[in-house]
Amino acid sequence: MKAIIATTVLGVFMMFAGIAANNKKSIVAIAILLFAALFGVTIYELVDTPANSSQLLFNNMLQIEHSSLWFNMLMTGCTLLYVALMGKEIMKVGMHVAEYFALIFFILCGLYILTTYNNLLMLFIGIEILSIPQYILAGSDKRNLKSSEASLKYFLMGAFSTGILLMGITLLYGASSTFYIDKFGSILHYDNINPLAIAGMVFIMIALSFKVSAAPMHMWTPDVYDGSPTAFTAFMATVVKAGAFFAFLRLFHVSFNSLGQHWTLLLAVITAATLFVGNVTAVFQQSVKRMLAYSSIAQAGFMLFAILSVSSADASYGMRGIIFYGVAYSVATIGIFSVLIKLKDYTYDGFNGLAKSEPFLAFVSSIFLFSLAGIPLTGGFMAKFYVLTAVVKQGQLMWLVIFALLMAAISVYYYFRVIIAMYFKPGTPELNSPITTGDRILLAISCALVLLLGIYPQLFLESFGK
Amino acid sequence: MILVLLIIIPLLTGILSFAIKGEGARILALLSSGITLGAAAMVSGAGFAGNSTFSMPWIPSIGTTFSLLADGMSSMLCLLTGIVVLVVFLVNSNKEVERPGAFYGFMLLSQAGLMGVFLASDALLFYVFWELALIPVYFLCSQWGGEKRIAVTFKFFVYTFVGSLMLLAGLIFLSLQSPGIPSFAWADIIRAGRALPEVTQQWLFWLIFIAFAIKMPIFPFHSWQPDTYEQSPTPVTIILSALMVKMGMYAVLRWLLPVVPAGVAYWSDTVIIMSVIGIVYASCIAMVQTDIKRLIAYSSIAHMGLMCAVAFTKSSIGMHGIMVQMFNHGINITGMWVVVSMIENRWGTRDMTKLGGMAISAPKMAIAFVLVSLASIALPLTNGFIGEFMLFNGLFTGHMALMVIAGTGIILGAVYTLNMIQKTTYGNAVKMVIAKDLSINELAGLIIIICLVLFLGVYPKPLLDLTSGIAGMIVK
């Protein structure tokens, strides 16, 4: 609640700061300060709220739970890390630097609504607030045709999926006469369900699959991620996606967990397709940026695991899984993007010989890639571990677990190609700008976070109750 | 606490080593491996008296603890790891490597992983160390290996990684079987596994076994092995063949046989037949190799095949034999590789058809080579004999026909090994090279090996005593 207000106010403040300050550098500094302040607010709100409590606001439109606040805090932390790492690059994208940061504040506002909504209308509003700033950010590099293309594509596909979402909400309302997600459980019964409700549920699932880029609704992802300025791709592919996943999980956990029989198989097929398309297509990419776009689809497949698991009795693994995966994936991906953005050449060859010329960059990149590939002692491993455990516990989808693990083995191929290029191939990569000490410290922090997530995950889980 | 030291010392010195430029790394590595060996010897000494354990909380919410256990088998393998790594560092201590800091750093990290695998008594911890041992080896082979190293090592990595992931799925499944909160503790995993219905155990068996079969490697999962051994720098080949394959064998004994007994009973004939095919197949291929490194690689498949076959016979003397043979095979093959790397350095080739006359130009080296080769074909009074004898004894009960077929492996083994000795050591080379004989550090390394070969050949009792309790327990 406090965070929602704070991010809105700070966002507006940020826009005005753009008028007041003419110097781009000072705008970036202000932005970092404001994001740190927002991070402080989310921490305060988390500490201030007793564990296992839940609070209803605005005529029950929002329900604030401890896990939501925990997730908000972590995602805001990731955003702060992102802004600190990418600030200089955001500055280079275009003229309206302050507006870009303001839009990121608004995206976070949407994210906070998506983690606490208790009503389908709030879900809709949250998704819109989350998406519209992204359409702008995607097209922010106006001189670049690909960026404009990405923006238009994103907008059209986003509008289309929003239509489907609304259709689904309408159908559900028709079947149950309510928008409140905590009511569906008592109104819809598994054995005597109105077909309209099933149709509505499937429509919503499809719409949310668009947002999290699950196959076969993923077609927009590679073009949008590739076309957008790299600085913004890093944000869209991480924090925003994790937020959409949290909303997805929340709906299916609270409303539809007793109807698992009606949607588990469909979602399992979507998951398998996502894993397959993401991993197999990533293998054939020549550009690392495009590879990361497909890898984000592949990782989405693993995050879908958490949603699959909520139809079982014990959903705590799924909840933990999505929070943990969101953080581990975000930190590692933001890290690898912030290395990528320093390079002139985005192909694999652009990484050749990085270990010789910039050993520190090569080392941290390897840790981030290890994490994405799910090698033990990195956050990515524990994240995969949690979501896999959640599904094994659910009990009926062992085939999907094994399929996913085979796909994870494929992912090693394209992640390690970067490591091979950095360490084992000769060459001297060209850098856009020299690496400053500040960059090094921030990258070292991200790298330490990734390792800490893998070695002592308890730290990130104990703080919120069961 | 001393168990933790076994992991911590190589881990910390390994990390430290990356920071050191130049010669310091070599000295640090020698020092570290010496201290680790001392600690391992103390653990083994205590192993006669009973098990030592260590435990501290790690991630309680998923039921995993940082718990280590050293029984006879674990402490014996830790001792082997300590000896082999020290010998490797010793014989390489007068050789130049590129970027020694990174090289020794990776070596030590991989030692830490190996120690962890042999000591872990928590399934998730075991898995973490299993991977930790692999990653440094991947970097070692890819950076310091032969010409085709990148492709070959990548194949090796993907191969073993697929196996590991299957293992992970199996372990997660098992951990969730315990009532109430999940648990990864060894005892709970065993209890959970045994309580499973027979059909479940049957598919679970493969989920777990594939990882181990790839590591050992068992026919038909072996295709990564000869290439990787050939392309790796010899110190890494030693780590791979003397220690990492033991990881696979050890894991079968610790994490497979007791966990899914019904699955093992159902598939044991299949695995034994696969292993025996592997023995004969690898021996036949070894006979036509001209590259010494490849020859020894194939001979290793044959040796591991025999151990794996016996592991599935439920014979307690056979089981005991496996443990003794794990140690002896580790020692012998280290000796072989050490000499092979010297040959490669001095003659500049590994091709048997171009070698010869080692006995004239480097007599000490020739003696060492002959001794370890004889031990490797299990001549009586060498350490190989007692283990092989017990293995065949184990296979004999119940699988006589297969024993006879596997026995041809011994004969073929003598054929290719003696042929190799004959071609490299005696006679005349196509091109005569005046080679330097052993330097002092190489001599020291080989003396350790040869003393162990002879001592354990004549008096294997300490080794037998150390592991006697475990064999019976696994069969039960």
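Analysis parameters
Residues numbered from 1 in each chain as written. Chains lettered and ligands numbered in written order. Predicted model: local features only at pLDDT ≥ 70, side-chain atom pairs only at ≥ 80, totals over all residues. Helix = DSSP H or I, 4+ residues; strand = E, 2+ residues; numbered from the N terminus. Rg over C-alpha atoms; globule rule 2.2 N^0.38 Å. Buried ≥ 20, exposed ≤ 12 C-beta atoms within 10 Å, placed from the backbone. Contact = placed C-beta atoms within 7 Å. Core = buried A, V, L, I, M, F, W, Y, C linked by C-beta atoms within 7 Å. Domains from an automatic or database assignment. Nonpolar A, V, L, I, M, F, W, Y, C, P; charged D, E, K, R; others polar. Pairing = 2+ DSSP bridges. Axes fitted to C-alpha atoms, helices over the stretch in contact; angles between N-to-C directions. Parallel < 35°, antiparallel > 145°, perpendicular 65-115°, else oblique. Left-handed = near helix turned anticlockwise from the far one by under 90°. Expected span 1.5 Å × (residues − 1). Arc of directions from axis to C-beta.

I keep staring at the overall build of chain B and nothing clicks. Help me out?
Scanning chain B from N- to C-terminus turns up 19 helices and 2 strands. Against the compact-globule benchmark of 23 Å for 476 residues, chain B has a radius of gyration of 21 Å, which places it among compact chains. In terms of principal-axis extent, the alpha carbons of chain B reach across some 70 × 55 × 45 Å. When burial is assessed residue by residue, chain B has 60% of its 476 residues classed as buried. Put simply, of all contacts in chain B between residues at least 6 apart along the chain, 81% involve residues at least 24 apart.

What should I look at first to understand the overall build of chain A in this one?
Per the secondary structure count, chain A includes 19 helices and 2 strands. A globule of 466 residues ought to have a C-alpha radius of gyration of about 23 Å, and chain A, at 21 Å, matches this closely. Dimensions of chain A, computed from C-alpha atoms along their principal axes, come out at roughly 65 × 55 × 45 Å. Long-range pairs, those at least 24 residues apart, make up 80% of the contacts in chain A with a sequence separation of at least 6.

Before we go on, may I ask you to explain the nonpolar core in this structure?
Note that soluble globular proteins tend to have their nonpolar side chains buried in a common cluster. Formed by 368 residues in total, the largest nonpolar core has its most connected members in A:Y325 and A:V387. Element by element, the count of residues in this core is highest for helix α10 (residues 230-254) of chain A, at 18 residues. Two domains each donate at least three residues to this core, and these are domain 1 (1-259) and domain 2 (267-476) of chain B. Discounting chain neighbours no more than four positions away, the residues touching A:Y325 are A:F302, A:M303, A:A306, A:A383, A:Y386 and A:V387.

How do you make sense of the interface of chain B and chain A when you look at a structure like this?
Frequently, the measure chosen for interface size is the accessible area that the parts lose on association. Facing 21 residues of chain B, the contacting portion of chain A comprises 21 residues. When contributions to the side of chain B that touches chain A are tallied by element, the ones reaching two or more residues are α5 (123-144) and α6 (149-175) of chain B. Of the residues belonging to the side of chain B that touches chain A, the class tally is 17 nonpolar, 3 polar and 1 charged.

Explain the pairing of strand β2 (residues 64-70) of chain B to me, please; I cannot follow it from the model alone.
β2(B) sits mainly inside the fold: 5 of its 7 residues count as buried. Taking the residues between adjacent antiparallel strands as the criterion, strand β1 (residues 52-59) of chain B and β2(B) are bridged by 4 residues, where B:G63 takes a positive phi near 75°.

Teacher, can you tell me more about the domain arrangement of chain B here?
Residue and element names in this part refer to chain B. Here chain B is described as being made up of domain 1 (1-259) and domain 2 (267-476). Elements that contribute at least two residues to the side of domain 1 that touches domain 2 include exactly α2 (24-49), α3 (72-91), α9 (225-231) and α10 (234-256). Counting residues per element, the side of domain 1 that touches domain 2 draws most heavily on α10, at 11 residues. For the side of domain 1 that touches domain 2, the per-class residue count stands at 26 nonpolar, 10 polar and 3 charged.

Mind showing me how you'd approach the packing of helix α8 (residues 198-215) of chain B against helix α11 (residues 261-287) of chain B here?
Packed helices, taken two at a time, are described by their axes: the angle between them and the distance between them. Residue and element names in this part refer to chain B. Close contact between α8 and α11 brings their axes to 7 Å; oriented N to C, the two are set at 70°. In terms of their interaxial angle, α8 and α11 are classed as roughly perpendicular. The interaxial crossing formed by α8 with α11 has right-handed handedness. Of α11, the residues touching α8 (which contributes E198, Q201, Q202, L204 and F205) are A262, G263, V264, Y266 and W267. Here the contact of α8 with α11 is built from residues that sort into 6 nonpolar, 3 polar and 1 charged.

Help me understand helix α1 (residues 2-20) of chain A in this model?
Residue and element names in this part refer to chain A. Here α1 spans 26 Å end to end across 19 residues, near enough to the 27 Å set by a 1.5 Å rise per residue. Buried residues of α1: A3, I4, A6, T7, L10, G11, M14 and G18, and no others. Each buried residue of α1 sits inside an arc of 160° when the element is viewed along its axis, so together they form one side. Turned more than 90 degrees from where α1 packs its buried face, I5, F16, I19 and A20 sit exposed. On the buried face of α1, the contacting elements are α2 (24-48), α3 (66-93) and α4 (97-116).

Hey, could you run me through helix α18 (residues 437-455) of chain A in this one?
Owing to its 3.6 residues per turn, the α-helix aligns residues three or four sequence positions apart on the same side. Residues and elements named next belong to chain A. The first and last C-alpha atoms of α18 sit 26 Å apart over 19 residues, in line with the 27 Å expected at 1.5 Å per residue. Those residues of α18 lying buried are L442, L443, S446, C447, L449, V450, L453 and G454. Looking straight down α18, one finds that the buried residues subtend no more than 150° of arc, so they occupy a single side. Relative to its buried face, α18 has exposed residues pointing more than 90 degrees away, namely T437, G438, I441 and A448. Where α18 is buried, its residues meet α3, α13 (316-340), α15 (359-373), α16 (379-394) and α19 (458-461).

In this structure, what is going on with unusual backbone geometry? I would like to understand it.
Most peptide bonds are trans, and most residues other than glycine sit at a negative phi. In this chain, B:M216 is followed by B:P217 through a cis amide linkage whose omega measures -10°. The omega torsion across B:F219 and B:P220 is 5°, close enough to zero to call that bond cis. Residue position: B:P220 is located in the loop between α8 and α9. Look at A:N59: it is not a glycine, yet its phi comes out positive at around 55°. Assignment of secondary structure puts A:N59 in the loop between β1 (54-57) and β2 (62-65). In this structure, A:S213 takes a positive phi of about 50° despite not being glycine. Mapped onto the elements of the fold, A:S213 is located in the loop between α8 (195-211) and α9 (220-227).

Can you help me understand the pairing of β2(A) in this one?
In the case of a regular strand, side chains alternate between the two sheet surfaces. All names here are of chain A. Of the two faces of β2, the one holding L62 and I64 and the one holding Q63 and E65 are both buried throughout. With 4 bridges connecting them, β1 and β2 associate as antiparallel partners. Within the sheet, the bridge partner assigned to Q55 lies in β2 and is I64. The turn linking β1 back onto β2 is made up of 4 residues, and F58 within it adopts a positive phi angle of 50°.

What's the story with the environment of A:A20 in this structure? I'm lost.
Note that A:A20 resides in helix α1. Taking C-alpha positions, A:A20 is 55 Å from A:H262, a pair spaced 242 residues apart along the chain.

Looking at this structure, I do not really get the environment of A:S366. What am I missing?
Its location among the elements puts A:S366 in helix α15. Sequence spacing of A:S366 and A:C447 is 81 residues, and the spatial spacing of their C-alpha atoms is 9.6 Å.

Even after reading the chapter, I still don't get the environment of B:P226, so can you show me in this structure?
Residues and elements named next belong to chain B. With respect to the helices and strands, P226 occurs in helix α9. Between the C-alpha atoms of P226 and R294, which are 68 residues apart in sequence, the distance is 5.8 Å. Filtering out sequence-adjacent residues up to four positions away, P226 remains in contact with R294, A297 and Y298.

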